[in-house]
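One-letter residues, chain by chain:
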Amino acid sequence: KKDPSESPVKTLIKGFLTGGIEAVICYPTEFIKTQLQLQSKKAPEYTGILDCGMKTVKANGFMGLYRGALPLILGSSFKQAARWTGYTHVADQFKDEKGN
């Protein structure tokens, strides 16, 4: 029924890593979107997405795009670990003796 090489710990680690990787890849665009939304409407600091990204990198280095990212990365990692583990556990309950 269940793949014996797939331990619960392996499943948790896979979920944790996929959630973390997703957050690391997506965070800079979310950061830039937020900066653009929060800027003054009367005297905007940025003219657009690229301008915001370039000014952020120029002022704070590349890691400036990840300012405040740690809570989101950790949260996404744990959330995806729980989802992946739950999905795997439930899917295993519906498999027949041949694993289908």
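To start, this report covers the structure provided alongside it. Per-chain numbering applies: the sequence of each chain, read as written, is numbered from 1 onward. Reporting of local features is limited, given that this is a predicted model, to residues whose pLDDT is at least 70; pairs of side-chain atoms are given and counted only at 80 or more, and all residues count toward the totals for whole chains, interfaces and linings. As a convention, hydrogens and water are excluded, and side-chain values are obtained from all of the structure's heavy atoms.

1. A short note on helix α2 (residues 49-60)
Alright, step 1. Only runs of H or I of at least four residues qualify as helices and only runs of E of at least two qualify as strands under DSSP, and these elements are numbered from the N terminus. Expected span of a helix: the number of residues minus one, times 1.5 Å. Taking 1.5 Å of rise per residue, 12 residues should cover 16 Å, and α2 covers 16 Å from first to last C-alpha, within 8% of that figure.
Alright, step 2. Of the residues making up α2, those classed as buried are Asp-51, Cys-52, Gly-53 and Thr-56.
Alright, step 3. Against the buried residues of α2 lie α1 (8-38).
Alright, step 4. After α2 finishes, the residue Gly-61 shows a positive phi value of roughly 80°. Categorising residues by exposure relies on relative accessible area from a 1.4 Å probe, with only protein chains included: less than 20% of the type maximum marks a residue as buried, more than 50% marks it as exposed, and the intermediate range marks it as partly exposed. Two residues form a contact once any of their heavy atoms are found within 4.5 Å.

2. Some points on the nonpolar core
Alright, step 1. Joining through side-chain atoms within 4.5 Å is the link that ties buried Ala, Val, Leu, Ile, Met, Phe, Trp, Tyr and Cys residues into a set, and such a set is a nonpolar core. Of all hydrophobic cores here, the largest spans 11 residues; its members are Ala-23, Tyr-27, Phe-31, Ile-32, Leu-36, Tyr-46, Cys-52, Leu-65, Tyr-66, Ala-69 and Ile-73.
Alright, step 2. In terms of residues, this core owes the most to one element, α1, which gives five residues.
Alright, step 3. In this structure, Tyr-27 is in contact with Leu-65, Tyr-66, Arg-67, Gly-68, Ala-69 and Leu-72, ignoring residues within four places of it in sequence.

3. Looking at the packing of aromatic side chains
Alright, step 1. Centres within 6.5 Å are what make two rings of Phe, Tyr or Trp a pair, Trp counting through its six-membered ring; a difference in plane orientation under 30 degrees is then read as stacked, over 60 as edge-to-face, and the rest as tilted. Taken as a whole and assessed by the stated rule, the structure comprises five aromatic pairs.
Alright, step 2. Measuring from centroid to centroid gives 6.3 Å for Tyr-27 and Phe-31, while their planes differ by 35°, and the two rings are tilted. Linking Tyr-27 with Phe-31, this pair stays in helix α1, spanning four residues, or about one helical turn. The residues Tyr-27 and Phe-31 share a single accessibility class, namely buried.
Alright, step 3. Among the aromatic residues, those joined into a cluster by ring pairs are Tyr-27, Phe-31, Phe-62 and Tyr-66.

4. Some details on α1
Alright, step 1. Taking 1.5 Å of rise per residue, 31 residues should cover 45 Å, and α1 covers 42 Å from first to last C-alpha, within 8% of that figure.
Alright, step 2. Values of bend correspond, residue by residue, to the angle between axes fitted over the seven residues ending at that residue and the seven starting there. Along α1, the helix axis deviates most sharply at Cys-26, where the bend reaches about 40°; the proline Pro-28 sits within four residues downstream.
Alright, step 3. Inspection of α1 places Thr-11, Gly-15, Gly-19, Gly-20, Ala-23, Tyr-27, Pro-28, Phe-31, Ile-32, Gln-35 and Leu-36 among the buried residues, and these make up the whole buried set.
Alright, step 4. Buried positions along α1 lie against α2 and α3 (70-93).

5. As for the side chain of Gln-80
Alright, step 1. You can see Gln-80 is positioned in helix α3.
Alright, step 2. Contacts of Gln-80, omitting those with residues within four sequence positions, involve Gly-15, Thr-18 and Gly-19.

6. Notes on a nonpolar patch on the surface
Alright, step 1. Together, Val-9, Ile-13, Leu-17, Ile-21 and Ile-25 give the surface a local cluster of nonpolar side chains, amounting to about 500 Å² of exposed area.
Alright, step 2. Topologically, Leu-17 is positioned in helix α1. Like-charged residues are merged into a patch within 9 Å and nonpolar side chains (Val, Leu, Ile, Met, Phe, Trp, Tyr) within 5 Å, provided each residue has over 30% relative accessible area and no salt bridge. Accessible surface is estimated by sampling points in the Shrake-Rupley manner with a 1.4 Å probe; for residues, cover comes only from the protein chains shown. Put simply, a salt bridge is a Lys or Arg side-chain nitrogen that is within 4 Å of an Asp or Glu carboxyl oxygen.

7. A word on the pattern of salt bridges
Alright, step 1. Enumeration over the complete set of coordinates arrives at three salt bridges.
Alright, step 2. Two residues, Glu-30 and Lys-33, come together in a salt bridge whose shortest N-O distance is 3.1 Å. Taken together, the positions of Glu-30 and Lys-33, both in helix α1 and three residues apart, correspond to about one turn of that helix.
Alright, step 3. The exposure class of Lys-33 is partly exposed, given its relative accessible area of 39%.

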